[in-house]
Structures are given as structure tokens and as C-alpha cells.
Amino acid sequence: MESKILAIDTSCDETSAAVTCGRRVLSNVISSQIKIHQKYGGVYPALAKRAHQERIDYVIAQALQRAGLQSADDLSAIAVTQGPGLAIALEVGIKKAKELASQGEALQGFLPLIAVNHMEGHIYSCLAQNSCGLPKRELTDLSLCLLVSGGHTELVLMKNHGQYQVLGATLDDACGEALDKAAKILKLGYPGGPIIERLAEEYTRKQMSLRGVANDEAIPNDLKRLLHPATGGVRNDNHLFVLTRPLKEKTNLNFSYSGLKTQFLYLTQKLSPEVFGRDLAVLATIFQEAAFEQLLRKTSKAIEIYHPKTLLCGGGVMANKYLRTLLRALAKKNNLPIFFPPNKNLTTDNAAMIGVAASYKFERKEFVQYIESLDREPRLSL
Ligand code: KG4
Ligand code: ZN
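So, here's what we can say about the structure. The structure displayed is predicted, hence computed values, not measured ones.

Cut-offs used in this document
- Residues numbered from 1 in each chain as written.
- Chains lettered and ligands numbered in written order.
- Predicted model: local features only at pLDDT ≥ 70, side-chain atom pairs only at ≥ 80, totals over all residues.
- Heavy atoms only, no water.
- Salt bridge = Lys/Arg side-chain N within 4 Å of Asp/Glu carboxyl O.
- Helix = DSSP H or I, 4+ residues; strand = E, 2+ residues; numbered from the N terminus.
- Buried < 20%, exposed > 50% of the residue type's maximum accessible area, 1.4 Å probe, protein only.
- Contact = heavy atoms within 4.5 Å.
- Polar contact = N/O pair within 3.5 Å; in protein donor to acceptor, adjacent residues only side chain to side chain.
- Pairing = 2+ DSSP bridges.
- Donors = N, O, S within 2.8 Å, 3.2 Å for Na, K, Ca; no water.
- Right-handed = clockwise from strand over helix to strand, strands pointing away.

1. Considering the pattern of salt bridges
At step 1: Counted by the stated rule, this structure contains 17 salt bridges.
At step 2: Residue Glu54 pairs with Arg50 through a salt bridge whose shortest N-O separation is 3.8 Å. Residue Glu54 and its partner Arg50 are located together in helix H2 (residues 45-66), separated by four residues, close to a single helical turn.
At step 3: Between Lys261 and Asp173 there is a salt bridge, with the nearest N and O atoms lying 3.4 Å from each other. Note that Lys261 is positioned in helix H8 (residues 258-269) and Asp173 in the loop between strand E8 (163-169) and helix H5 (175-185), a separation of 88 residues in sequence.
At step 4: Under the relative-accessibility criterion, Asp173 is labelled buried at 9%.
At step 5: Through salt bridges with shared partners, a single ionic network connects Glu120, Lys361, Arg364 and Glu366.

2. Side note on the environment of Asp172
At step 1: Mapped onto the fold, Asp172 is located in the loop between E8 and H5.
At step 2: The exposure class assigned to Asp172 is partly exposed, which follows from its relative accessible area of 31%.
At step 3: Sequence separation of Asp172 and Tyr257 is 85 residues, and the distance between their C-alpha atoms is 6.5 Å.
At step 4: Once you skip the residues sitting within four places of it in the chain, Asp172 turns out to touch Ser256, Tyr257 and Ser258.
At step 5: At a separation of 2.7 Å, a polar atom in the side chain of Asp172 contacts the main-chain amide nitrogen of Tyr257.

3. Some points on the pairing of strand E7 (residues 153-160)
At step 1: Of all eight residues making up E7, six are buried, and the element is well covered by its neighbours.
At step 2: Note that strand E6 (residues 143-148) and E7 share six bridges and pair antiparallel. Paired with Cys145 across the bridge in E7 is Val156.
At step 3: Once E6 ends, the chain turns through four residues before running back antiparallel as E7.
At step 4: Two elements, E7 and E8, share six bridges in a ladder whose sense is antiparallel. Along E8, the bridge assignment pairs Leu155 with Gly168.

4. Considering the coordination of the zinc ion (ligand 2)
At step 1: Every protein donor of the zinc ion (ligand 2) is listed here as His118 (NE2), His122 (NE2) and Asp349 (OD), and their distances to the metal cover 2.0 to 2.2 Å.
At step 2: The sequence pattern formed by the donor residues of the zinc ion (ligand 2) is H-x3-H-x226-D. Within this pair, His118 and its partner His122 are both found in helix H4 (residues 118-124), separated by four residues, close to a single helical turn.
At step 3: Using a relative accessible area of 5% as the deciding quantity, one classes His118 as buried.

5. Here we look at the pairing of strand E9 (residues 310-314)
At step 1: In terms of residue burial, E9 counts as a mostly covered element, since five of its five residues are buried.
At step 2: Looking at chain direction, E6 and E9 are connected through five bridges and run parallel. Paired with Leu147 across the two strands is Gly314, which belongs to E9.
At step 3: Of the strand pairs in this sheet, E9 and strand E10 (residues 338-339) are connected by two bridges, and their pairing is parallel. In the strand pairing of E10, Leu312 is matched with Phe339.
At step 4: Note that the unit made of E9, helix H11 (residues 321-333) and E10 has a crossover that is right-handed.

6. Here's the deal with the side chain of Gln294
At step 1: With respect to the element layout, Gln294 can be found in helix H10 (residues 280-306).
At step 2: The class for Gln294 is buried, based on a relative accessible area of 10%.
At step 3: Within the structure, the side chain of Gln294 is placed 2.7 Å from the backbone nitrogen of Ser256, a separation counted as a polar contact.
At step 4: Non-local contacts of Gln294, meaning those with residues more than four positions away in its chain, are made with Phe255, Ser256 and Tyr257.

7. Remarks on unusual backbone geometry
At step 1: Of the consecutive residues Leu134 and Pro135, the connecting peptide bond is found in the cis state with omega at -5 degrees.
At step 2: Mapping Pro135 onto the fold places it in the loop between H4 and E6.
At step 3: Residues Tyr190 and Pro191 are joined by a peptide bond in cis, for which omega reads -10 degrees.
At step 4: Looking at the secondary structure, you find Pro191 in the loop between H5 and helix H6 (192-211).
At step 5: The phi torsion at Asn335 lies on the positive side, around 55 degrees, for a residue other than glycine.
At step 6: Along the chain, the position of Asn335 falls in the loop between H11 and E10.
At step 7: Even without being glycine, Lys365 reaches a positive phi, approximately 55 degrees.
At step 8: Turning to its location among the elements, Lys365 is positioned in the segment after helix H12 (352-363).

Keep in mind these values describe shape, not function.
Quick look at the structure:
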């Protein structure tokens, strides 16, 4: 019988607990705090901590119940996100995980505690399965991982389970953070990514019906050209506003979003209130395109250099359908299998991905040696 793991993630603004069995997700309970943080236009750490404290016991009880377990006694291990994330939020999950692991110790003699890197969780979200063991995806020996969330934008080479090389990361803002800030500039609310996606989708659909173009032509020319790098080209002439992109291609695989955000702020400040209101959807669209173009360009470059066998895409921004379309096109062009998290609850922050990552650590017996010594690592890297 495979081992059942109770996993906990409280790294940001979702309180989540899950029960996993190998790669199979038996339950994945997520209590979102979006409503609490909405009025601040971003995550308010002290409120996040309090909400995690108030909700954690209920979320864990629900996760056990939905997985058909009577109590923590039926578990083989406890897994918890150690970092990266908000220090005071991480702390809540870690404290609870320690409590459960030491109670287990008293009851059964031994209940191992597994510390998981949140970003490793986003990678493993692509390998998560439902309770019937689907989808059956297999990992090759060399995978390229593109991780795009509210806190991170990273390209990681995964050489084997647990073996990572970070190829590039953002030098300033994360892509999700940039989308959230752009939405704030446009006075659209929080979190911005999904709102910008919806506006851009509506705008593109309208444009398509005006021009009478087929669905596969929804990809703007500049991004299409990016998928065929030989031709180059970075301007989308269909748009009224243009955000410039670096003229000279940098050879490294790092990302940067703060320049784009500043440029966007200046551009919007120059608009009259009428134009601003009228062209919100165009503005959302060009920002989204510029943000995603960078992801495509760097991922394309990494494929060229490292010749991976699979592309794994994780993190909250991967919920974006348009980004998925672009990345699928890029993977197809390079003959690469591409995996996204199989459902939305596995895309944004959740504990099931932590449980799946932990199952490989369980096999390798990578346990926290002294339960009491486990501490949060807000800046933990892969
Ligand atoms: O992975 P995640 O849930 O939390 C972090 O670990 O940061 O990612 C949250 C980020 C937010 O910036 C949010 O705006 C973005 O993911 N996001 C999206 C979409 N859904 C969530 N961005 C673009 N399109 C979406 N549909
Ligand atoms: Zn995350």
C-alpha cells in the first residue's frame, strides 16, 4: 500500500491542506483569502497570518475527511511548505505540521516530517493525478520548468527528481506581481492576472469578429514571429499603444518586469480619462502580451541551449489560457511534450502539489531530522 501524506501550504494567501498517495490527490482543500486582501490591492501579511491561524484546523479536518481518513493516525507522513513565502504565514503551517508530526510520534512511534520547497511543489503540480491515477504522465531525464507566479518567475532545469539548476529568475518583480500591478494602475482590482486575462480575451474576440479571422489567428503577429525567431520582430502594429521591448537581445535567462510596469504607468498617465476608460481592454491586452512575450522569448532560448525532453509549466499565472496557447505553440515547434497542472486548483497555490513533491522525498527518506528544529525559510531557493 502506498503511503498517505498530509500536506500543508500556508506560504501566501491560501490556507491549504491535502492528502496525497504517491502522485494521486485524494483531497485538496483550499481556503482563499482573496476577499480579505482585496481592499488592500495585495496581500496584507498580518491579516494573512491571522486568517491562516483561524482556518488551518478546519482545512486539515476537511482534507482528512474528504480523503476518507478518520484521523491523522492513518497517515505515513506530514509534509509542509518551508519556503519561499511570507515569513509569518509560513510559520503557521510549519507550527501545525510539527504539532501533528510529534503527536504521531507519540501514537505510532514515528511520523516523519517532510519539508518542501514551494517552487518544487509548483513543478510537481504538473505530475499530480486524480484519485484514479490520471493523467498518466511520465517524467523524462531532463525537463525544463517554467514557474510563473505572484512571487516568482523562474526557469529551472530539472535533471532528475530533486535535482535542480536555476537557469534564470526575475531580477525585480515577478510576472504575476507585474500583472497585479498593471491591474492596479488600470483600477481593475485584485488579483489582477485573471481580470486582465478576461479583458484581453474579450478584446481579442471582438477584434477577431471585426476582422473575421479564424481562432488560430488569435495569436498576435509579434508573438508568432517569436515562435519563429529567425524572422525576429517585436512590434504589434494592430495596437494603438506600443510598449517597447529591449532592442538588443540579452543572452542571459533572467527576467525583468519593473521597467515594463513603469513604462505602462507613464503611458496610462498621459491618457485623458475618456481614452483611459474607453481603451481599458486594449491597455490590458498590450500589457499581458508584453509580459508573456518575455516568458516565451526566454523559454525559447533555454530550449535552444539545454535541449530538454519535456517542458513543465507551473504557478498561478499558468491558469491563463492565452499563455497556455502560446507555450503549447512553442512546445509544438520544438517537438516537446508540455505539461501544465491538470486542473485550476493545482495551478494556483495548493497543498496537493506539496504532497506530490513530498512523496518523492518520502521514497528517498528525506525527512526533517529534528522536528523541533524545522524553521521557515522565506527566501528558500531551489
Ligand atoms: O502561484 P500563485 O497562486 O501564488 C504565488 O505563489 O504567488 O500565483 C498568484 C498569481 C497572482 O499574481 C495572480 O494574478 C496570477 O497568479 N494569476 C493569473 C491568473 N490566475 C492567477 N495570472 C494571469 N492569468 C490568470 N488567469
Ligand atoms: Zn505559488
